[in-house]
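Observations on the three-dimensional arrangement
In case you want the letters, here they are:
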Amino acid sequence: ASLKKATAELPDKKEIPGLLSNISSLGSDSGLSIVVFRQKPEEFQDFYAGVPVEVRVKGTYHQVGTFFDKVGRLNRIVNVLSLIHI
């Protein structure tokens, strides 16, 4: 049952462009300046394909936290795998 629910939350291929646009808008709406937003080649897993995206932003700690909170509230599965502060 959990697998079925999680699979339903994975975006399908035709939803990816809209989802990426939505995520970019969430960054801007959070007050971040989007420096880089670049989709990379799909990474195929057992039953799904990951769509890595390189995102570089400028903003305050609070703005980044607000952005992550908004991304976490999406009705689709989105993972943040690494965060580097420069």
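Structure: above.
Residues numbered from 1 in each chain as written. Predicted model: local features only at pLDDT ≥ 70, side-chain atom pairs only at ≥ 80, totals over all residues. Heavy atoms only, no water.

Quick word on the nonpolar core
- One finds Leu19, Ile23, Leu26, Leu32, Phe67, Val71 and Leu74 forming the largest nonpolar core, which totals seven residues.
- Sort the elements by how many residues they give to this core and helix α2 (residues 16-29) lands first, with three residues.
- Apart from residues lying up to four places away in sequence, leucine 26 is in contact with Phe67, Lys70, Val71 and Leu74. (Core = buried A, V, L, I, M, F, W, Y, C linked by side-chain atoms within 4.5 Å. Buried < 20%, exposed > 50% of the residue type's maximum accessible area, 1.4 Å probe, protein only. Helix = DSSP H or I, 4+ residues; strand = E, 2+ residues; numbered from the N terminus. Contact = heavy atoms within 4.5 Å.)

Topic: the pattern of salt bridges
- This model, assessed by the stated rule, comprises three salt bridges.
- Across the salt bridge formed by arginine 38 and glutamate 54, the nearest N and O atoms sit 3.6 Å from each other. One end of the pair, arginine 38, is in strand β1 (residues 33-39); the other, glutamate 54, is in strand β4 (residues 53-58), with 16 residues separating them in the sequence.
- Given the relative accessible area of 16%, glutamate 54 is considered buried.
- The salt bridge involving glutamate 54 is made with arginine 56; its shortest N-O contact spans 2.8 Å.
- The partly exposed category is assigned to arginine 56, whose relative accessible area is 48%.
- Ionic contacts of the salt-bridge type, sharing partners, join the residues Arg38, Glu54 and Arg56 into one network. (Salt bridge = Lys/Arg side-chain N within 4 Å of Asp/Glu carboxyl O.)

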